[in-house]
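Examination of the molecular architecture
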Amino acid sequence: MFRRAVRFAAAAALAALPWISTPSQAQEWRGWNIHPPDYPVSRGMDRFTELVAQRTNNRIRMRTYHSAQLGQQDEAIQQMRIGSIDFAEFNMSGLNNIVPSTQVLTLPFIFRDVAHQHMVVDGPIGDTVGEDLEKAGFVVLAWYDAGARSMYGRRPIRTPEDMRGLKIRVQTSDLWIDIMRALGANATPLPYGEVYTSLQSGVLDAAENNWPSYESSRHFEVARYFTTTEHSNVPEILAVSRQRWNRLNPADREILRTAARESAAYQRQLWAERERVSREKVIAAGVQVIDITDRSPWARLMEPVYAKYASDPRMAELVRRIREAR
Ligand code: GTR
């Protein structure tokens, strides 16, 4: 009797996990994305899921829920770790507190330009950070572009002194709080989806992001001054939950990795174009752009941030390797 009950329970559990019941059966994967469907990240993810479906003859069917339909970023990160979300595209910032080596890729002014960043994330340094991410539950398949982040506010920000006392939104990351502290601003960690109304109501004075996010989130309607500080070039990952990854066979893993890399090449092309288009769009909508040509006063203020985050030997070594990469 008891044994039958156990067998029944085991069968029921297997039925609830269709992907392990029979290997040939189709799998349905749930993917998280913060951005709207026409955003370069979203189109990259769509390309990835199409390629995987084609190359597995629809055995692995992935559905991406765009526009943060499955929750805000912090929740999605937790859900990936427990495996209730199967894949996602994340900015490093939200992972900074969980995986310290992601901080080096977030540090202000660490990359010389986009080519330098690509060389770093696509090479051994990216692999090192990827190994740390994997231990925390995120298997990195490819690195996506997210351009440079700049400050924007309800009032013009022209110099670092203008940052003093500003209530500025950051992502959930101690590093970002310290970056703002070094500028004399008051950092407020808030989900992306709450920034618009907080700027509108004056709970926030400012935020920071890249051109495409500033435009697609419509923050430009409520924070009319954009200052090209370009203070961080923090990259993003397309990742699969380790829970899911562990159940894949080597051939399928290879299909996913290749499809992800192809999708990243596509996303990067779309990204460069969208940065230009978004910039033009917000300027046409009346945004005032304050161009920063000399970023050294901003960079100098970041010394305490480097002192804190690049002080332990492993971090210092990563920073050195990034700087020396050519
Ligand atoms: C965007 C990024 C998102 C998220 C967002 C934010 O540029 O693509 O992943 O990090 O910024 O500021 O919350």
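Residues numbered from 1 in each chain as written. Predicted model: local features only at pLDDT ≥ 70, side-chain atom pairs only at ≥ 80, totals over all residues. Heavy atoms only, no water.

A separate point is the domain arrangement of the protein chain. Taken as a whole, the protein chain is organised into domain 1 (24–146 + 234–277) and domain 2 (149–233 + 278–324). For domain 1 and domain 2, the distance between their C-alpha centres works out to 23 Å. Both sides together, the interface formed by domain 1 and domain 2 hides about 3400 Å², and carbon and sulfur atoms give 57% of it. Salt-bridge contacts for E215 lead to R274; the nearest nitrogen and oxygen are separated by 3.0 Å. (Domains from an automatic or database assignment. Buried area = accessible area lost by both parts, 1.4 Å probe. Salt bridge = Lys/Arg side-chain N within 4 Å of Asp/Glu carboxyl O.)

Phi at A68 is positive, roughly 55°, even though this residue is not glycine. With respect to the helices, strands and loops of the structure, A68 is situated in the loop between strand 2 (60–65) and helix 4 (73–82). Look at A68 and you get buried, because its relative accessible area is 17%. A positive phi angle, near 65°, is found at R218, a position not held by glycine. The topology assignment puts R218 in the loop between helix 10 (211–216) and strand 9 (225–232). With a relative accessible area of 39%, R218 lands in the partly exposed category. (Helix = DSSP H or I, 4+ residues; strand = E, 2+ residues; numbered from the N terminus. Buried < 20%, exposed > 50% of the residue type's maximum accessible area, 1.4 Å probe, protein only.)

On to empty space enclosed by the protein, then. Per the counting criterion, the structure on display carries one cavity of 30 Å³ or more. When its volume is computed, the largest cavity comes out at roughly 40 Å³. P108, F109, M151, I179, L183, H231, W298 and M302 are the residues that line the largest cavity. Grouping the amino acids of the lining of the largest cavity by side-chain chemistry returns seven nonpolar, one polar and no charged. (1 Å grid on protein atoms, 1.4 Å probe; cavity = no way out; pocket = protein on both sides within 12 Å on 5 of 7 lines; lining within 4 Å. Points joined across faces, edges and corners; volume = space filled by probe spheres on them. Nonpolar A, V, L, I, M, F, W, Y, C, P; charged D, E, K, R; others polar.)

Counting buried positions along strand 9 yields six of eight residues, so the element is predominantly enclosed. Here three bridges tie strand 9 to strand 11 (residues 288–290), and the two strands are oriented parallel to one another. Bridge pairing links F226 to V289 in strand 11. (Pairing = 2+ DSSP bridges.)

On to the nonpolar core, then. Ranked by internal contacts, the top residues of the largest apolar core, which has 57 residues, are F90, L105 and M163. Inspection of this core shows a minimum of three residues originating in each of domain 1 (24–146 + 234–277) and domain 2 (149–233 + 278–324). Here M163 is in contact with M151, I157, I168, M180, L183, G184, A185 and W298, once residues within four sequence places are set aside. In this structure, F48, V52, L256 and A259 belong to the second largest nonpolar core, which totals 23 residues. (Core = buried A, V, L, I, M, F, W, Y, C linked by side-chain atoms within 4.5 Å. Contact = heavy atoms within 4.5 Å.)

Let us now look at the site of the ligand. Every residue near the ligand is listed here: I34, H35, Q73, N91, R149, R169, Q171, Y192, N209, N210, S213 and E236. Here E236 contributes a side-chain N or O atom positioned 2.6 Å from an oxygen atom of the ligand. Here the ligand loses 99% of its free accessible area of 320 Å² to cover by the protein chains. A per-class count over the shell around the ligand returns two nonpolar, seven polar and three charged. (Near = heavy atom within 4 Å. Polar contact = N/O pair within 3.5 Å; in protein donor to acceptor, adjacent residues only side chain to side chain. Areas by Shrake-Rupley, 256 points an atom, 1.4 Å probe, with all protein chains shown as cover.)

Relative to strand 7 (residues 186–189), strand 6 (residues 167–170) is paired through four bridges, and the arrangement is parallel. Bridging across to strand 7, V170 finds its partner in P189.

What follows covers the environment of R63. Structurally, R63 can be placed in strand 2. A C-alpha to C-alpha distance of 9.4 Å links R63 and F87, two positions 24 residues apart in sequence. In contact with R63, not counting residues within four places along its chain, are W29, R30, G31 and F87. Reaching out from R63, the side chain makes a polar contact with the side chain of Y65 at a distance of 3.4 Å.

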